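Here are the chains, one letter per residue:
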Amino acid sequence: MITLISGTNRPESNSRAIVNLYATLLEQHGVAYQILDLAELPADFTVTALYDNTGKNEQFNKLASMIANSDKFVFVVPEYNSSFPGVLKAFIDGLEYPNTFKHKKGALIGLSSGMQGSGLSLSHLSDVLNYLGMHVMAMRLKLAHIENNFDGKQLTNALYQELLEQHVQQFLKF
């Protein structure tokens, strides 16, 4: 099972919209997937689901079980202040340690308003995932100037669409 992760808790985010595009491409290949949208996290999860409260928040536990029951992940993350969203880090920190991601496979897609396409944020996330034992696919898709290349439903840049399709094909072989 592949888990597609929308890496922000912003409602109706571009990240979630890109996850939906990725899901459509997986469907075309006949591949099973599930979507984990961090917008579904309880607003107070850092207090009610972490540390001494581990296992006590059913809504958090439901999302965490999606991670535990999957072997491959695609993280779609926006760039926030030259890194990935803190809510994604807090979610990862709340997962069972140390084996949640160990020996599993992941792929990264970054979105940004800037011209570097979230390169630093994907690097930061790769460091975290590598530390946790995940094998991260070398191809990291960086979608720069997202507001100029995405209309909220479709990529309007033909190159970006081609790269997204290549990303899916590589990930399925990974």
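Here the structure is shown first, and the text comes after it.
Residues numbered from 1 in each chain as written. Predicted model: local features only at pLDDT ≥ 70, side-chain atom pairs only at ≥ 80, totals over all residues. Heavy atoms only, no water.

(A) Focus on the packing of aromatic side chains. Scanning all chains against the criterion turns up six aromatic pairs. Geometry around F171 places K72 over its ring, the cationic atom sitting 4.4 Å from the centre. We note K105 situated over the ring of F174; from NZ or CZ to the ring centre the distance is 5.2 Å. (Phe/Tyr/Trp six-rings, centres within 6.5 Å; stacked < 30°, edge-to-face > 60°. Lys NZ or Arg CZ within 6 Å of the ring centre and 35° of its normal.)

(B) Up close: helix α3 (residues 58–68). Listing the buried residues of α3 in full gives F60, L63, A64, M66 and I67. All buried residues of α3 fall inside an arc of 145 degrees around its axis, so they share one side. Among the exposed residues of α3, those pointing more than 90 degrees away from its buried face are E58, K62 and A68. Here the buried face of α3 lies against β1 (2–6), β2 (33–37), α2 (45–48), β3 (72–78) and α4 (86–94). For α3, the N-terminal cap is N57; the gap from its side-chain oxygen to the backbone nitrogen of Q59 is 3.1 Å. (Buried < 20%, exposed > 50% of the residue type's maximum accessible area, 1.4 Å probe, protein only. Helix = DSSP H or I, 4+ residues; strand = E, 2+ residues; numbered from the N terminus. Arc of directions from axis to C-beta. Contact = heavy atoms within 4.5 Å. Polar contact = N/O pair within 3.5 Å; in protein donor to acceptor, adjacent residues only side chain to side chain.)

(C) Quick peek at the sheet that holds β3. One open sheet accounts for five strands, arranged β2-β1-β3-β4-β5; its pairing is parallel. Strand pairing shows two members of the sheet lacking a second neighbour, β2 and β5 (135–143), which therefore form its edges. Between one strand axis and the next, the sheet turns by 15 degrees as a mean value, whatever way the strands run. Pairing of β3 with strand β4 (residues 105–111) involves seven bridges; the strand directions are parallel. Residue pairing in the sheet places V76 in a bridge with I109 of β4. In the packing of helix α5 (residues 119–131) onto the sheet, the strands contacted are β3, β4 and β5, and the crossing angle to β5 comes to about 165 degrees. (Pairing = 2+ DSSP bridges. Axes fitted to C-alpha atoms, helices over the stretch in contact; angles between N-to-C directions.)

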